[in-house]
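# Architecture at a glance
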Amino acid sequence: MIIIDNPQNCCGCTACVSVCPRKAITMQPDALGFLYPQIDKDLCTNCGLCEKVCAFNENYEKSSDNILDVYAVRHKDIKEIEKSRSGAMFVAITDYILENNGVVYGAGYSDHFRVTHKRAVTKTERDEFRGSKYVQSELGSTFTKVYKDLKNGTLVCFSGTPCQVAGLRSFLKAQKANTEKLLLIDIVCHGTPSPYIWRDYLAYIEKKHKGKATGVSFRDKEDIGWTAHKESFIINNHKITTDTYTDLFYKHIMFRHSCKVCHFANTSRPSNITIADFWGWQNVDKDFNKDDKGVSLVFINSLKGKRFFEKVATSVNTIKTKLQYALQPNLQSPSIPNPRRMEFEIDYTRKGFIYVAKKYGNIGFICRLMQKYPIIAKIVWNVNDRIIKKLWKRRK
Ligand SMILES: Cc1cc2nc3c(=O)[nH]c(=O)nc-3n(C[C@H](O)[C@H](O)[C@H](O)COP(=O)(O)OP(=O)(O)OC[C@H]3O[C@@H](n4cnc5c(N)ncnc54)[C@H](O)[C@@H]3O)c2cc1C
Ligand code: SF4
Ligand code: SF4
Ligand code: SF4
């Protein structure tokens, strides 16, 4: 049975839960709301399937050793770009899937803006998946739903973080599923923040502005453009723009522990197609994104990806380019965690959201030192590792 002796070894993909024939595993939240598998030893028969299916390691299945093609992409309809995070590549592809009786899985909302993966069969349902949600999305029973769809011969597109895509791929392989009709799309991933911090921040903003949010955007490009980053909320029919959540995001202080050792921060992708923001688009064509509405970076990682990309060629403007122009930081290494990540978690557990929001408001001195001197980063990580392991053992 799978034993997680250090939380950084589990990305929360749910492959183990989905594969367990005895339903002995459930996902349980840690202090920041990140879900981890917990095994009911009375139900477990020690079959070993959960350990075998775990793909959060260097040996995850890759679509090809080298990215086949690299593109800068913008949807031909500017309204689609305005409603999407970058150049609306996701909408272009999933329009094709839905127009061909397929289903789309992506990150949407349940309850009151809790970020969860959902299944869409119409464009209206799919539209909820547009836009980046800077929170780890809860997968629930998504993997088994995808498996059922494939069994029924349905065309399926699954989109998510690379660790979610790798987990799904591994689960489907264990089920010996026919994946001919499955298109996998992953994003380039900077790290996923805490569900509880997002929940508490939303509650804090609502209290402050005396009303319930009826809309949220983690990165609102309507007023300030694609390059800038601020979150916004619609409360009492007014838009409120803030940057506290964004600030904590870029401090790398509320990411899941596994993001520190992410195995997917490279160009060996587990998906058929990778989508991202095209930072450095100016090197391709300085006029392509003159309006700062956004441009997608697209990697075609397999022949299947190439076939789907060709199907949507008429709805997007594309420029073929070189990988060297697209190599942003998270395609080279994982995000460097804030040295106070553990302190943040402990403070949050003891004193709550408002306390940590105030205390961790600025980029710390140690963090800057770590970025400048890798040796200091190594020492701080080693100390942090020891603290994390101790606390993890105590929790169990
Ligand atoms: C946590 C996170 C980290 C990111 N880090 C980077 C980065 O380092 N570099 C970069 O270039 N871009 C990053 N992005 C942005 C991402 O690359 C864009 O969403 C992508 O460019 C898609 O743009 P689009 O216009 O084609 O799609 P959109 O129409 O905006 O669609 C958004 C897509 O992202 C998926 N998605 C949104 N939120 C989540 C979530 N929480 N978990 C899983 N999937 C989600 C949806 O399912 C959908 O497929 C990140 C996004 C997220 C959510
Ligand atoms: S060892 Fe087998 S039965 Fe036990 S939790 Fe893992 S998958 Fe389930
Ligand atoms: S990474 Fe996925 S499969 Fe591995 S232990 Fe965590 S939830 Fe289970
Ligand atoms: S950074 Fe890596 S481990 Fe973290 S959510 Fe993204 S893909 Fe998963």
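### A look at the sheet that holds strand 3 (residues 69-75)
- Ordered in space as 5-4-6-7-11-12-3-13, the eight strands form an open sheet in which the pairing is mixed. Every interior strand has two partners, whereas the edge strands, strand 5 (114-120) and strand 13 (316-321), have only one. Each adjacent strand pair in this sheet contributes to an overall mean axis angle of 30°, direction not counted.
- In terms of strand pairing, strand 6 (residues 156-160) meets strand 7 (residues 182-187) through five bridges, oriented parallel. Bridge pairing links S159 to I185 in strand 7.
- Relative to strand 6, helix 4 (residues 89-99) is tilted by about 160°, and along the sheet it contacts strand 3, strand 4 (103-110), strand 6, strand 7, strand 11 (273-277), strand 12 (296-300) and strand 13.

### Some remarks on the site of ligand 1
- Around ligand 1 there are 34 residues in total, and R85, G106, S159, H190 and A276 lie nearest to it.
- Those elements giving two or more residues to the shell around ligand 1 turn out to be helix 4, strand 4, strand 6, strand 7 and strand 11.
- Class assignment for the residues of the shell around ligand 1 results in 15 nonpolar, 15 polar and four charged.

### Regarding the environment of K293
- Here K293 is to be found in the loop between strand 11 and strand 12.
- Since 19 C-beta atoms lie within 10 Å of it, K293 is described here as partly exposed.
- With 210 residues separating them along the chain, K293 and K83 place their C-alpha atoms 9.6 Å apart.
- Residues contacting K293, with those up to four places away along its chain left out, are I78, I81, E82 and W226.

### Focus: the sheet that holds strand 9 (residues 231-235)
- On the basis of which strands lie adjacent, the open sheet formed by three strands has the order 8-9-10 and antiparallel pairing. Of all the strands in the sheet, the pair left with one neighbour each is strand 8 (213-217) and strand 10 (238-242). Shown here is a sheet whose adjacent strand axes are inclined to one another by a mean of 20°, direction ignored.
- One ladder, built from four bridges, connects strand 8 with strand 9; its direction is antiparallel. Along strand 9, the bridge assignment pairs V216 with F233.

So, how was this worked out
- Residues numbered from 1 in each chain as written.
- Chains lettered and ligands numbered in written order.
- Predicted model: local features only at pLDDT ≥ 70, side-chain atom pairs only at ≥ 80, totals over all residues.
- Pairing = 2+ DSSP bridges.
- Helix = DSSP H or I, 4+ residues; strand = E, 2+ residues; numbered from the N terminus.
- Axes fitted to C-alpha atoms, helices over the stretch in contact; angles between N-to-C directions.
- Contact = placed C-beta atoms within 7 Å.
- Near = placed C-beta within 6 Å.
- Nonpolar A, V, L, I, M, F, W, Y, C, P; charged D, E, K, R; others polar.
- Buried ≥ 20, exposed ≤ 12 C-beta atoms within 10 Å, placed from the backbone.

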